[in-house]
Amino acid sequence: MSPLLRIYLVRGLVAIAWSAGFAAVHTSLTATSVILLIAYPIIDVVASLFDVREDPGTPARKLQVFNTALSALTAVGLGLAAIGGIGAVLFVFGLWAIVSGAAQLTVAIRRRGPELGLQWPMLIAGALSVIAGITYLPVAVGDAPDLTALIMYTAAGGAFFVIQAATLAWKRRRRARVAQV
């Protein structure tokens, strides 16, 4: 299994598991929900660090380093925003979704090619992250901010990473079959 395939698969499965756990505690800002909120961008930090290590010297690497720093700052920001309430948390998460989604979209565009495929799952996930983040901002400053949308956001993001991993595995098997012929 290639390192990038493993990163995508593990990151996707962890995001799906996170969304299941968060679904159980998302209605209020308890210690558990805040820890989970802070943990989500940290998951992104860890995955991005592994990705950076496996992707030396490419144009996508700089964006991955940027995303690592952004996600680390977001973890701190979410912890601080929790003091201000659900609206503040949703606002910080929305800003992060916009910027990290744009970075993910750009990385996917730069990775398109014969070896890593067309990156459609990552392109879609990046674009949807930007759109979701934009929709979170007015809800965050509205009368009844709610964190429910984060459950679907993280589950869908995780699913797109798993789909990208499956696509990479399929391409790898296909290349191996062609090489045998």
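Asker: Got a minute to help me understand the overall build of the protein in this structure?
Answerer: From N to C terminus, the protein includes six helices and zero strands. Here the C-alpha radius of gyration of the protein, 17 Å, is about what a compact globule of 181 residues would show, namely 16 Å. Seen through its C-alpha atoms, the protein measures out along the principal axes to roughly 60 × 30 × 25 Å. The buried share among the 181 residues of the protein stands at 43%. Long-range pairs, those at least 24 residues apart, make up 74% of the contacts in the protein with a sequence separation of at least 6. Split by element, the accessible area of the protein, about 9,100 Å² in all, is 73% carbon and sulfur.

Asker: Looking at this structure, I do not really get the packing of helix α1 (residues 3–23) against helix α6 (residues 148–180). What am I missing?
Answerer: Angle between the axes and distance between the axes: these two values describe a pair of packed helices. It is the contact of α1 with α6, at a shortest axis distance of 7 Å, that shows an interaxial angle of 160°. One finds that α1 runs roughly antiparallel with respect to α6. Note that α1 runs across α6; the crossing there is left-handed. Class assignment of the residues belonging to the contact of α1 with α6 gives a composition of 19 nonpolar, five polar and one charged.

Asker: Teacher, can you tell me more about helix α5 (residues 120–140) here?
Answerer: Compared with the 30 Å implied by 1.5 Å per residue over 21 residues, the 30 Å span of α5 between its first and last C-alpha is a close match. Those residues of α5 lying buried are P121, M122, L123, A125, G126, S129, A132, G133, Y136, L137 and A140. Where the residues of α5 are buried, they touch α1, α4 (86–111) and α6.

Asker: Looking at this structure, how should I read a nonpolar patch on the surface?
Answerer: Together, L118, W120, I124, L128 and I131 make up a nonpolar patch on the protein surface, roughly 480 Å² of accessible area in all. Structurally, I124 is set in helix α5. The partly exposed category is assigned to I124, whose relative accessible area is 37%.

Asker: Would you mind going over α1 with me for this structure?
Answerer: Residues lying three or four places apart along an α-helix face the same way, a consequence of the helix completing one turn every 3.6 residues. If you check α1, its first and last C-alpha atoms are 30 Å apart, about what 21 residues at 1.5 Å a residue would give, namely 30 Å. Restricting attention to buried positions, one finds in α1 the residues L4, L5, I7, Y8, R11, G12, A15, W18, S19 and F22. Looking straight down α1, one finds that the buried residues subtend no more than 170° of arc, so they occupy a single side. Those residues of α1 that are exposed and aimed more than 90 degrees away from the buried face are A17 and A20.

Asker: How do you make sense of the packing of aromatic side chains when you look at a structure like this?
Answerer: Describing an aromatic ring pair means giving the distance of the ring centres and the angle of the ring planes. Here the structure, examined in full by the defined rule, presents nine aromatic pairs. With 5.5 Å between their ring centres and 55° between their planes, Y8 and F161 make a pair best called tilted. Within this pair, whereas Y8 is found in helix α1, its partner F161 is found in helix α6, the two being separated by 153 residues in sequence. Summarising the aromatic geometry, the rings of F93 and Y153 are spaced 5.5 Å apart at their centres and angled 85° between planes, so their arrangement reads as edge-to-face.

So, how was this worked out
Residues numbered from 1 in each chain as written. Predicted model: local features only at pLDDT ≥ 70, side-chain atom pairs only at ≥ 80, totals over all residues. Heavy atoms only, no water. Helix = DSSP H or I, 4+ residues; strand = E, 2+ residues; numbered from the N terminus. Rg over C-alpha atoms; globule rule 2.2 N^0.38 Å. Buried < 20%, exposed > 50% of the residue type's maximum accessible area, 1.4 Å probe, protein only. Contact = heavy atoms within 4.5 Å. Areas by Shrake-Rupley, 256 points an atom, 1.4 Å probe, with all protein chains shown as cover. Axes fitted to C-alpha atoms, helices over the stretch in contact; angles between N-to-C directions. Parallel < 35°, antiparallel > 145°, perpendicular 65-115°, else oblique. Left-handed = near helix turned anticlockwise from the far one by under 90°. Nonpolar A, V, L, I, M, F, W, Y, C, P; charged D, E, K, R; others polar. Expected span 1.5 Å × (residues − 1). Patch = residues over 30% accessible without salt bridge, like charges linked within 9 Å, V, L, I, M, F, W, Y side chains within 5 Å. Salt bridge = Lys/Arg side-chain N within 4 Å of Asp/Glu carboxyl O. Arc of directions from axis to C-beta. Phe/Tyr/Trp six-rings, centres within 6.5 Å; stacked < 30°, edge-to-face > 60°.

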